[in-house]
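Reading the structure
Okay, here's what each chain looks like letter by letter:
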Amino acid sequence: MGNLIQIASSALNIVARTPEMPESRRDPILHRARTSLDHAGTIVRQSVMRARDTAALPPRCDIANCLADIATLIVAREDAGLTLDIAIEPGLPDIACDSIELRRAILNLVLNARDAMGGKGSVRIDAHAVAGSVDLRVGDRGSGMPPAVLAHAFDPFFTTKRDGLGGIGLPMVERFVRGAGGSISIESEPGVGTVVTLRLPALPQETRS
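These notes cover the structure that comes with them. Keep in mind the model is a prediction, meaning the values are calculated, not measured. Residue positions are given per chain, counted from 1 along the sequence in the order it is written. Per-residue local features are limited, in this predicted model, to residues with pLDDT of at least 70; the limit for side-chain atom pairs, both in listing and counting, is 80 or more; totals at the level of whole chains, interfaces and linings are taken over all residues. Side-chain descriptors were evaluated using all non-hydrogen atoms of the structure, hydrogens and water having been removed beforehand.

Examining the overall build of the protein chain
For clarity, the threshold we go by: The helix and strand labels rest on DSSP assignments: H or I over at least four residues marks a helix, E over at least two residues marks a strand, and numbering proceeds from the N terminus. Note on classification: 1.4 Å probe, protein chains only; a residue is buried when its accessible area is under 20% of the maximum for its type, exposed when over 50%, partly exposed between these limits. Here the accessible surface of atoms and residues is derived via Shrake-Rupley with a 1.4 Å probe, and residues count as covered only by protein chains that are part of the display.
Looking only at helices and strands, one finds 6 helices and 5 strands in the protein chain. Reading the secondary structure of the protein chain in the N-to-C direction produces α-α-α-β-α-β-β-α-α-β-β. Counting over 209 residues, the protein chain shows a buried share of 39%. A total of about 11600 Å² of accessible surface is found on the protein chain, and carbon and sulfur atoms cover 55% of it.

In structure tokens form, the structure reads like this:
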């Protein structure tokens, strides 16, 4: 949720610094801020509802809705040069995981891919069914990782960034996937790019709401 609030705050700061901004420029910025705050509010409401739900219903996530939200957030961030290429297999079943945590995991992977590409390029996300599970693949054509770095990709606080910041995103994604009963793998080659695959358990089609 911190990313959402940061987007809204940045948008409002832009407007505040430019009081003479024309409406044609100001209105889209304010719309992005409202969209981000609406998403943050949804997360809060869903969290409160889950806390009140003593029946503890099994988690359920609609992948198409999840990826649509991710696309909206990326547009709201105004990352110049960053685009998403999303492909979803028709009729894909829901998956058995927390939808908020999945959004957070995918957003982490997209932002990692952005950094690997120097802030520019297209991130490919595709989803398809595989024998009782759903594979979510997030790929980029960035710098890639040599084997020595790839071996430590899931180590907490391990990072190759010069400022020493990082090393949290991938371990958090791994914990989420393992907690949902799934698995995660990475394919990476220097100068070619990286593909992260999340394999998450699918719910039977007949139980879909």
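Topic: the packing of helix H3 (residues 63–77) against helix H4 (residues 99–116)
Rules: The convention used is that axes are lines fitted to C-alpha atoms, helices contributing only their stretch in contact, and that angles between N-to-C directions extend from 0 to 180 degrees. Roughly parallel refers to an angle under 35 degrees, roughly antiparallel to one over 145, roughly perpendicular to one between 65 and 115, and oblique to any angle outside these ranges. Helix crossings get a hand from a simple test, with the near helix turned counterclockwise from the far one by less than a right angle marking a left-handed crossing and a clockwise turn marking a right-handed one. Only heavy atoms matter for contacts: two residues are in contact if any of them lie within 4.5 Å across the pair. For this scheme, ten residues count as nonpolar: Ala, Val, Leu, Ile, Met, Phe, Trp, Tyr, Cys and Pro. Four count as charged, namely Asp, Glu, Lys and Arg, and the remainder, Gly too, count as polar.
As a packed pair, H3 and H4 sit with axes 10 Å apart at the nearest point and diverge in direction by 45 degrees. Put simply, H3 runs oblique to H4. Along this stretch, H3 crosses H4, giving a crossing that reads as right-handed. Here H3 contributes Asn65, Cys66, Leu67, Asp69, Ile70, Leu73, Ile74 and Arg77 to the contact with H4, which in turn contributes Leu102, Arg103, Ile106, Leu107, Val110, Leu111 and Arg114. Tallied by class, residues from the contact of H3 with H4 come to 10 nonpolar, 1 polar and 4 charged.

What about the nonpolar core?
Convention followed: To form a nonpolar core, buried Ala, Val, Leu, Ile, Met, Phe, Trp, Tyr and Cys residues must be joined to one another through side-chain atoms within 4.5 Å.
Judged by nonpolar contacts, the single largest core of 39 residues is most densely connected at Leu102, Ile106, Leu136 and Leu198. For this core, the elements supplying multiple residues, two or more each, are H3, H4, strand S2 (121–130), strand S3 (133–140), helix H6 (169–179), strand S4 (183–189) and strand S5 (193–201). For this core, the leading source of residues is H4, giving 8 residues. The residues contacting Ile106, other than those within four sequence positions of it, are Leu67, Ile70, Ile125, Leu136, Val138 and Leu198.

Quick notes on the pattern of salt bridges
Using the following cut-off: Salt bridges are defined by distance alone: a side-chain nitrogen of Lys or Arg within 4 Å of a carboxyl oxygen of Asp or Glu.
Evaluated as defined, the whole model comprises 8 salt bridges. A salt bridge links Glu101 to Arg104, with the shortest nitrogen-to-oxygen separation between them at 2.7 Å. In this pair, Glu101 and Arg104 are both assigned in helix H4, 3 residues apart and thus about one turn of the helix distant. The salt bridge partner of Asp135 is Arg199, with a shortest N-O separation of 2.6 Å. Here Arg199 lies in strand S5 and Asp135 lies in strand S3, a separation of 64 residues in the sequence. The exposure class of Arg199 is partly exposed, given its relative accessible area of 35%.

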